[in-house]
Amino acid sequence: SFGVGFAPRDTLEDAVLTVSGYLETIGPSMPWVGADTKVMGVRVGDAITLTVAAAFIDRFVTSIDDYRAKKAQLAEELRDLLFAWHVAMFVKSNAIVCARDGRTVGIGAGIATVWAAAPPVAAAMALAGTVAGAWISGQSAAARALAAIAA
């Protein structure tokens, strides 16, 4: 193995870390996604492409059609997550963004602590029918905690 480092992080690294952090917390909402996931990213010009390798647990998948449906559901959740993450980059001061189907459901800023935001964010995520579409700027651990609260 070898590694290459670059500092400060850029948007590609942030996108990979955002998706990777979400996949670590996905168990309660999508139990068929195994713990061994990989996220790879590449940038060509301004375009970022992510590849997610997520093994599915066979006892939760009943057929090839079920597999395809669950794969599509995971892809949609990740699109919502990345959309919310992208919107949050343009919100000042402790951004909280909830999104579903490529649209924002709620945007908040300036909340002193993530714990003060937990009840309204969990309610917004429940209304949106999503856990993935929530992003709290610069606080991936807090975002995972909110995902656990909302699940």
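Higher on the page you've got the structure.
Residues numbered from 1 in each chain as written. Predicted model: local features only at pLDDT ≥ 70, side-chain atom pairs only at ≥ 80, totals over all residues. Heavy atoms only, no water.

Caption draft 1: Representation of the pairing of strand β1 (residues 33-44) within the structure. Where β1 meets strand β2 (residues 47-56), nine bridges bridge the pair, whose relative direction is antiparallel. Pairing of V39 across the sheet is with V52, part of β2. The antiparallel pairing of β1 with β2 creates a hairpin that spans two residues between the two strands, and G45 there sits at a positive phi of about 65°. (Pairing = 2+ DSSP bridges. Helix = DSSP H or I, 4+ residues; strand = E, 2+ residues; numbered from the N terminus.)

Caption draft 2: Seen up close, the nonpolar core. Judged by nonpolar contacts, the single largest core of 14 residues is most densely connected at V19, L23, I26, M30, V33, L74 and L78. Counting only elements with at least two residues in this core, the list comes to α1 (11-24), β1 and α2 (64-88). For this core, the element with the highest residue contribution is α1, accounting for five residues. Setting aside residues no more than four positions away along its own chain, V19 makes contact with V39, L50, V52, L78, L81 and L82. Among the nonpolar cores identified, the runner-up in size contains seven residues, and A84, V87, A95 and V97 belong to it. (Core = buried A, V, L, I, M, F, W, Y, C linked by side-chain atoms within 4.5 Å. Buried < 20%, exposed > 50% of the residue type's maximum accessible area, 1.4 Å probe, protein only. Contact = heavy atoms within 4.5 Å.)

Caption draft 3: Examining the pairing of strand β3 (residues 96-100) more closely. With four of five residues buried, β3 is to be regarded as a mostly interior element. In this structure, β3 lies alongside strand β4 (residues 103-108), joined through five bridges in antiparallel fashion. Each residue of the ladder has a partner; that of C98, found in β4, is G106. The antiparallel hairpin formed by β3 and β4 contains two residues in its connecting segment, where D101 sits at a positive phi of about 55°.

Caption draft 4: Expanded view of the pattern of salt bridges. Going through the model one piece at a time under the given rule, you end up with five salt bridges. Between R43 and D10 there is a salt bridge, with its nearest N and O atoms 2.3 Å apart. Here R43 is found in strand β1, whereas its partner D10 is found in the segment before α1, with 33 residues between them in sequence. Between D36 and K38 there is a salt bridge, with the nearest N and O atoms lying 2.5 Å from each other. For D36, a relative accessible area of 53% puts it in the exposed group. (Salt bridge = Lys/Arg side-chain N within 4 Å of Asp/Glu carboxyl O.)

Caption draft 5: Highlighting α2. Taking 1.5 Å as the rise per residue, α2 with 25 residues should run 36 Å; its terminal C-alpha atoms sit 36 Å apart, in good agreement. Inspection of α2 places D66, K70, L74, E77, L78, D80, L81, A84, W85, V87 and A88 among the buried residues, and these make up the whole buried set. (Expected span 1.5 Å × (residues − 1).)

Caption draft 6: Up close: α1. In this model α1 runs 20 Å from its N-terminal to its C-terminal C-alpha over 14 residues, within 8% of the 20 Å that 1.5 Å per residue would give. Taken together, the buried positions of α1 are L12, A15, V16, T18, V19, G21, Y22 and L23. In this structure D10 caps α1, since a side-chain oxygen of it lies 3.2 Å from the backbone nitrogen of L12. (Polar contact = N/O pair within 3.5 Å; in protein donor to acceptor, adjacent residues only side chain to side chain.)

Caption draft 7: Main features of the environment of G34. Along the chain, the position of G34 falls in strand β1. Under the relative-accessibility criterion, G34 is labelled buried at 10%. C-alpha separation for the pair G34 and A55, spaced 21 residues apart in sequence, amounts to 5.3 Å. Residues contacting G34, with those up to four places away along its chain left out, are A55 and I57.

Caption draft 8: Just the environment of D80, in detail. In this fold, D80 is placed in helix α2. The exposure class assigned to D80 is buried, which follows from its relative accessible area of 1%. Counting along the chain gives 21 residues from D80 to D101, while the straight-line C-alpha distance between them is 6.4 Å. A polar atom in the side chain of D80 sits 3.0 Å from the backbone nitrogen of D101. Side-chain polar atoms of D80 contact the backbone nitrogen of G102, separated by 3.2 Å.

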